[in-house]
Amino acid sequence: MREGISENEGNTEGSFGNNEEDYTEAAALTDTRRDRNARESLRWIEEMIRAMQRTRGGGGSGAATLGEVGPGFEMEAQFVAPSLALRSSAFRASWLARGESSGSSSAVAEAEGSGKEKCDRDAHNKRAKVYSCSNDGHYAAVMSSDVGDSTPSADRDLGLSQSSSTPSNNEICYHNFMWNNNSDENPLNSSGGRDGSDDSLISKPEDVEVRMDLTDDLLHMVFSFLDHINLCRAAMVCRQWQAASAHEDFWRCLDFENRNISVEQFEDMSRRYPNATEVNIYGAPSIHLLVMKAVSSLRNLETLTLGKGQLGDSFFHALGDCSMLKNLNVNDATLGNGIQEIPINHDRLCHLQLTKCRVMRISVRCPRLENLSLKRSNMAQAMLNCPLLRLLDIGSCHKLTDAAIRSAAISCPQLASLDMSNCSCVTDETLREISLTCANLHILNASYCPNISLESVRLSMLTILKLHSCEGINSASMSAIMHSYMLEVLELDNCSLLTSVSLDLPRLQNIRLVHCRKFADLNLRSIMLSSIMVSNCPALHRINITSNSLQKLALKKQENLTTLALQCQSLQEMDLTDCESLTNSICDVFSDGGGCPKLKSLVLDNCESVFPLVGCRAITALDLACPSLELVCLDGCDHLEKASFCPVALRLLNLGICPKLNMLSIEAPFMVSLELKGCGVLSEATINCPLLASLDASFCSQLKDDCLSATTASCPLIGSLILMSCPSVGSDGLFSLRRLPHLTVLDLSYTFLMNLQPVFDSCLQLKVLKLQACKYLTDTSLEPLYKDGALPALQELDLSYGTLCQSAIEKLLACCRHLTHLSLNGCVNMHDLNWGCSGGELYEFLSKFSSAAVFSHENLPVSTEQPNRLLQNLNCVGCPNIRKAVIPPVARCLLLSSLNLSLSSNLKEVYVVCFNLCFLNLSNCCSLEMLKLECPRLTSLFLQSCNIDEETVEAAISQCGMLETLDVRFCPKICSISMGGLRAACPSLKRIFSSLSAS
């Protein structure tokens, strides 16, 4: 309306005719048409509002809040706002008066007629006009104030609030159904605005117009991906989209599930889309009236879904009039009055579903019916005349008698699938009749039928058989199952009387045996068997399986399983978790020629006698010859005495704490890591692993030189060798290390070595040497290091808890400048750490120790004979005889970053000048009195439990301009009120830990 005026401004003269009579007649016709269209639109909108009121009052799922509708709905709500505003009586009056006022001016009428003609042309134009809603917020505010001021009681009557006037999804759908096929006058004009609204509420078209080239065919293709809600939203964009979204191809399925749609609205929808093929009115009110309208008006209906209500007899009598119907789904409904028989007669019906329905008797006569489901319905009689029926589901029909089930089943000779689960009245006699009549039966579900035992039942064509919780199934029933030579799936869960299963079925692929409390013996032979689920069968003690297709076998929680025989050429994964009674004989299954040549993974957690083999306490011998075995875990097998892995494809093996293991044989061409930590009595070990890179034999106290020599000969790529606490290893074994050219890490801690010459001669590439607590090393044992330049690549040396004298330590510190990590923890013979100064030099150094002068270039000694040290970490923890620690510039420790002197109880004086030192730990040095530091890059200083005063600490940290963390907890001479002085001495401090609190 406004669009017509705005689009024809400046050209109104061309729109007026020269004949005044013609003009008057055209204006009158326009007034009449506009008045009729306005009233018709008002009628549909008022019906929509009443539907909203019913939805809100009924409390159903039809009412949707703004959040429930989803993102992007605010714009849509503003489009619909004019309709919602009609709840105001004043606004309704203005809506009706709009048509009258439009005829008061002939110029305006002619302009509107011209604008309307232009809009009609736009509907067929290839270019669609789309206007953005830049003034949405203002528009919504005006509408809200307008409505709220006029009729505040209307909101309460409709159950709506001013702040949330969003219609539900079903109301939006129906409202747009009206627009998609409506008359010439749309409640929204083509520009997305409001008819008759003020221009100030809508952006000017020339400012916000966006043009898109969308042909009708392209729109049709795009809209085919939208559901009904989004189609309705798209219809609000413009007339072209409105027309495209209303195409009947998109409305073949009328889905009103759980929507509060009235009979009048449904009748109108049926009239607008008479070619609809699918209707869903499940959960809608008055389903009987709605479905009668559907049956009478939709002659092409193929699928009908309904439920949650009562269906009268007339519906089933009228069902035949819907000649194209193929699918009928009724769920949770009362059929008829619940007393008389309900007939269902139809010539084309193929699928019928009556689930959870309340009816006394039912009669089905459908010559083309293929699928019938009566699941959970309470009828007592079902008469079937369906010669082509292939699927019948009568599960949980508790009122059906054995005779009724038999009569229904045998009346369908083409039956291929039958579900009679939870039909407690079914007997073997019924199954025998079915087996004789239904020769094509492939699927049978007789679960929870306690009266069947399959005695004399022959179902030769069965492929799937489910017998869950059938108390009558026992070992004798297996002979009947053996006649089902086509069987592929067998499920026998919770069959409490079943004691043994012995089957030889060539096509069997899947079998389940879970919670069968008396089941003791399993014997399966099937070349196609690919899945076995056996769990929680406490009496099971014997399993014999033959299959060429089985790749994974899980036999969890079989506590009494003692015998396992497998002939499974494709088996790759084995899980025997909690099989506590398996014995050494299990090894025969996985050995070469034992029936599982492709086994890659073994999992046997908590098997008291065998694998996975975590915590296997009864197994004493293990012999595995599995060329494909890639994973096995033997941690905690504390009774394992002999183990053989020849050959296996293992890459990693951890024997864990196996204190009784005394013989070990490994042939693993791909193994790279082997851990024998804790095998204290291991005396014979044959290890043939050409790719082995890491060997940890810690605490193997019986490991001798001959074993070590053989291992180095067969494993030349070892780079890391841990022989900690291997006291039986001597010089002969160490000389064999020359066969290991890649050896870089050697740990000989806690051994009885007296001579390290074999190490110096054999391990030329060694980078890490650990000699902790080697108390038999003499003062001259390390002379090759600092006199002859042995081990030139050595970077890390650990001499902790040794007995080297002070002289040997000083020479080592003075000459081994290539070391980067040095540990001297607990060295009782170490008295002072005086690095690079002696006598007068030390006195001169201490006298010159002042602020920044120490680090001036002229004070740094220049020497071409002594290069810089590479030392980065120095640990002297717990050295009780150290009294003074001095590291002057002459020591040239330019790379030293960490110094740890903690627990040195007699340490009194510390003087450190080190440019790169970042970490200094002097905790628990309770005798510390003097501390002088020149460490400009120090960031962490720990002085916990040190007997040092506040002034000394302030002076020390004043020369540490990058210090961030200071720990002075339990320092008796430093109180909490001193924290301010410490921060003043070192402004860079961020964290100070004191004994009272952290600041």
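Residues numbered from 1 in each chain as written. Predicted model: local features only at pLDDT ≥ 70, side-chain atom pairs only at ≥ 80, totals over all residues. Heavy atoms only, no water.

1. Quick word on the overall build of the chain
So, point 1. The secondary structure content of the chain amounts to 29 helices and 47 strands.
So, point 2. Taking all 999 residues of the chain together, the buried fraction comes to 49%.
So, point 3. For the chain, long-range pairs separated by at least 24 residues make up 50% of all intrachain contacts whose partners lie at least 6 apart in sequence. (Helix = DSSP H or I, 4+ residues; strand = E, 2+ residues; numbered from the N terminus. Buried < 20%, exposed > 50% of the residue type's maximum accessible area, 1.4 Å probe, protein only. Contact = heavy atoms within 4.5 Å.)

2. What about the pattern of salt bridges?
So, point 1. The final tally for this structure, using the stated rule, is 17 salt bridges.
So, point 2. Between lysine 293 and glutamate 267 there is a salt bridge; the shortest N-O distance is 3.8 Å. In this pair, lysine 293 sits in helix α16 (residues 287–297) while glutamate 267 sits in helix α15 (residues 263–272), placing the two residues 26 residues apart along the sequence.
So, point 3. For lysine 293, a relative accessible area of 30% translates into the label partly exposed.
So, point 4. Of the residues examined, glutamate 267 reaches a relative accessible area of 40% and is grouped as partly exposed.
So, point 5. For the salt bridge of lysine 375 with aspartate 393, the shortest nitrogen-to-oxygen distance reads 3.9 Å. Taken together, the positions of lysine 375 in the loop between β10 (371–373) and β11 (381–385) and aspartate 393 in strand β12 (residues 391–393) put the pair 18 residues apart, joining distant regions of the chain. (Salt bridge = Lys/Arg side-chain N within 4 Å of Asp/Glu carboxyl O.)

3. Things to note about the sheet that holds strand β17 (residues 500–504)
So, point 1. Here we have four strands laid out as an open sheet, ordered β17-β19-β21-β23, and parallel in their pairing. Looking at which strands have only one partner, the edges of the open sheet turn out to be β17 and β23 (563–568). Across the sheet, the mean angle separating the axes of adjacent strands is 5° when strand polarity is ignored.
So, point 2. Summarising the sheet, strand β19 (residues 521–525) and strand β21 (residues 542–547) pair through five bridges and their orientation is parallel. Note on β21: the bridge partner recorded for arginine 525 is threonine 546. (Pairing = 2+ DSSP bridges. Axes fitted to C-alpha atoms, helices over the stretch in contact; angles between N-to-C directions.)

4. A look at a nonpolar patch on the surface
So, point 1. Taken together, the side chains of Leu218, Met221, Val222 and Phe225 define a hydrophobic patch exposed on the protein surface, amounting to about 410 Å² of accessible area.
So, point 2. Relative to the elements of secondary structure, phenylalanine 225 occurs in the loop between α12 (216–223) and α13 (228–235).
So, point 3. For phenylalanine 225, a relative accessible area of 71% translates into the label exposed. (Patch = residues over 30% accessible without salt bridge, like charges linked within 9 Å, V, L, I, M, F, W, Y side chains within 5 Å. Areas by Shrake-Rupley, 256 points an atom, 1.4 Å probe, with all protein chains shown as cover.)

5. A look at the pairing of strand β18 (residues 510–514)
So, point 1. Both strand β16 (residues 489–491) and β18 contribute to a ladder of three bridges, which runs parallel. Its bridge partner lying in β18, valine 489 is registered against asparagine 510.
So, point 2. The pairing of β18 with strand β20 (residues 531–535) spans five bridges and is classified as parallel. What sits directly across from asparagine 510, in β20, is serine 531.

6. Section: the packing of α15 against α16
So, point 1. It is the contact of α15 with α16, at a shortest axis distance of 10 Å, that shows an interaxial angle of 15°. Regarding the angle of α15 to α16, the classification is roughly parallel. The two elements α15 and α16 cross, and the hand of that crossing is right-handed. Of the residues in α16, those in contact with Val263, Phe266, Glu267 and Ser270 of α15 are Leu289, Leu290, Lys293, Ala294 and Ser297.
So, point 2. Residues that form the contact of α15 with α16 fall into these classes: five nonpolar, two polar and two charged. (Parallel < 35°, antiparallel > 145°, perpendicular 65-115°, else oblique. Left-handed = near helix turned anticlockwise from the far one by under 90°. Nonpolar A, V, L, I, M, F, W, Y, C, P; charged D, E, K, R; others polar.)

7. Some details on the packing of aromatic side chains
So, point 1. Considering all chains together, one arrives at seven aromatic pairs under this definition.
So, point 2. Ring centres 6.5 Å apart and planes at 65° place the aromatic pair phenylalanine 223 and phenylalanine 250 in the edge-to-face group. In this pair, phenylalanine 223 is assigned in helix α12 and phenylalanine 250 in the loop between α14 (239–245) and β3 (253–255), connecting sequence segments 27 residues apart. Across this residue pair, the class does not change: phenylalanine 223 and phenylalanine 250 are buried.
So, point 3. Ring geometry for phenylalanine 919 versus phenylalanine 942: centroids 5.5 Å apart, planes at 50°, classification tilted. Of this pair, phenylalanine 919 sits in strand β43 (residues 919–921) while phenylalanine 942 sits in strand β45 (residues 940–942), and the two are 23 residues apart along the sequence. (Phe/Tyr/Trp six-rings, centres within 6.5 Å; stacked < 30°, edge-to-face > 60°.)

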